Amino acid sequence: MRTLSGIQPTGNLHLGNYLGAIRNWVRMQDEMPGDKLYFLADLHAITVYNDPAELTANTREMAAALMAAGIDPAKAILFNQARVPAHAELAWLLFCTARIGWLNRMTQFKEKSGKNREGASVGLYAYPVLQAADVLLYQTTHVPVGDDQKQHLELARDIATKFNLDTATETFTLPEPTIPAAAARIMSLRDGSAKMSKSDPSDASRINLVDDAETIMAKIRKAKTDAEPLPSEAAGLEGRPEAKNLVSIYAAMADESVDEVLARFAGQGFGAFKPALGEVLVETLRPIATRLTELKADPAAIDAALEAGAARASALARPTLDAAYAALGLCR
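Participant: Requested: an account of the packing of aromatic side chains, with residues and values cited.
Facilitator: Summed over the entire model, instances satisfying the criterion amount to nine aromatic pairs. Measuring from ring centre to ring centre gives 5.9 Å for F39 and F79, while their planes differ by 25°; the resulting arrangement is stacked. Residue F39 is located in strand 2 (residues 35-40), and its partner F79 is located in strand 3 (residues 77-80); the two are separated by 40 residues in the primary sequence. The exposure class of F79 is buried, given its relative accessible area of 0%. Put simply, the rings of Y250, F265, F270 and F273 touch in pairs and so form one group of aromatic residues.

Participant: Describe in detail the pairing of strand 3, supporting the description with residues and values.
Facilitator: Alternating residues of strand 3 divide into I77 and F79 and L78 and N80, and every residue in both groups is buried. By the bridge criterion, four bridges tie strand 2 to strand 3 in an arrangement that is parallel. Across the sheet, residue Y38 finds its bridge partner in strand 3, namely L78.

Participant: Give a description of the side chain of T171 that names residues and reports values.
Facilitator: With respect to the helices, strands and loops of the structure, T171 is situated in the loop between helix 8 (150-167) and strand 5 (176-178). Relative accessible area serves as the criterion here: at 7%, T171 is assigned to the buried category. Within the structure, the side chain of T171 is placed 2.6 Å from the side chain of T169, a separation counted as a polar contact.

Participant: Account for the pattern of salt bridges, with residues named and values stated.
Facilitator: Counted by the stated rule, this structure contains 20 salt bridges. Salt-bridge contacts for R23 lead to D255; the nearest nitrogen and oxygen are separated by 3.5 Å. One end of the pair, R23, is in helix 1 (residues 15-31); the other, D255, is in the loop between helix 10 (241-254) and helix 11 (258-265), with 232 residues separating them in the sequence. Here R23 falls in the buried class, since its relative accessible area comes to 16%. Looking at D255, the relative accessible area reads 57%, which means it is exposed.

Participant: Which residues make up the packing of helix 10 against helix 12 (residues 270-296), and what values do they have?
Facilitator: Their axes nearest at 10 Å, the elements helix 10 and helix 12 cross at an angle of 40°. Crossing of helix 10 over helix 12 shows left-handed handedness. Two secondary-structure elements touch here, helix 10 through A243, L246, V247, I249, Y250, M253 and A254 and helix 12 through F270, F273, K274, A276, L277, V280, L281, T284 and L285. Considered class by class, the residues forming the contact of helix 10 with helix 12 number 14 nonpolar, one polar and one charged.

Participant: Describe the packing of helix 7 (residues 122-136) against helix 8, listing the residues and the values that go with them.
Facilitator: Orientation of helix 7 relative to helix 8, taken along the N-to-C sense of each, is 70°, at an axis distance of 9 Å. In terms of axis orientation, helix 7 runs roughly perpendicular to helix 8. Touching Y127, P128, V129, Q131, A132 and L136 of helix 7 are H152, L155, A156, I159 and A160, all from helix 8. When grouped by side-chain class, the residues that make up the contact of helix 7 with helix 8 number nine nonpolar, two polar and no charged.

Calculation rules
- Residues numbered from 1 in each chain as written.
- Predicted model: local features only at pLDDT ≥ 70, side-chain atom pairs only at ≥ 80, totals over all residues.
- Heavy atoms only, no water.
- Phe/Tyr/Trp six-rings, centres within 6.5 Å; stacked < 30°, edge-to-face > 60°.
- Helix = DSSP H or I, 4+ residues; strand = E, 2+ residues; numbered from the N terminus.
- Buried < 20%, exposed > 50% of the residue type's maximum accessible area, 1.4 Å probe, protein only.
- Pairing = 2+ DSSP bridges.
- Polar contact = N/O pair within 3.5 Å; in protein donor to acceptor, adjacent residues only side chain to side chain.
- Salt bridge = Lys/Arg side-chain N within 4 Å of Asp/Glu carboxyl O.
- Axes fitted to C-alpha atoms, helices over the stretch in contact; angles between N-to-C directions.
- Left-handed = near helix turned anticlockwise from the far one by under 90°.
- Contact = heavy atoms within 4.5 Å.
- Nonpolar A, V, L, I, M, F, W, Y, C, P; charged D, E, K, R; others polar.
- Parallel < 35°, antiparallel > 145°, perpendicular 65-115°, else oblique.

Pasting the structure below:
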């Protein structure tokens, strides 16, 4: 069994992507058998322009955040794409297998390019093929996917199937989707209908893993709510997006159900609930923030961890890349 997960290096993790994916990655690392590969998708990041120095800094910072959150380079393989050229090499071989009609059906390109389709980069259009290369390169058997990535994994399977049929080989393993443990869907502290995001111009909309205790408590105090008291069961939160979001955050951080949280706070207002939520966040995130500060102070150690992970990833990738070249009859 071999699993692979990736994340774009956009700087510090915030509570949304920590609770939405990274905690599940840590559980997979500790509980699932076989190789676990976690990579920073810096090649995917350049489908749009990035300031070079900022991309370098963000890659290191995201690696540090993953390690601070519990990804252990001794247990899992942590690396960034750019250190493993086999990703880009295999992507070109797969570009020649993938069909334009398949890519035209990819909904994310339509969403990200918007009305500027003709001005979007070729990379933004074709990056699902690079995603396929990321997965197929390691003979990955299982890929944790959310709803927004199911289509891309199906494309990877289509490309692998066509390549194998065209070359009369079994070069690639067809990966299976893994539905991770239910991940909390964390929304903005300022708007319960929008996801918590680093792209939101208001820093008050999110809890960053580097926020100190005072900042966390202040953001929770100012979080948007309504005037009604908390209900006794989850059904009573329907139609109350901000209230539902704060209770969901508490439940996720405390590893409790929403109903368990509400049983404790039923009938109380947010004047009582918000300080309790703030304290749970502060106590849970404090060790992560402390470790992150330590790691960021030693960029050489971060690079060493990524380089060691890249060496392990390259060793796993080499047989598949060699087999793909051979299957196509390319003289090397």
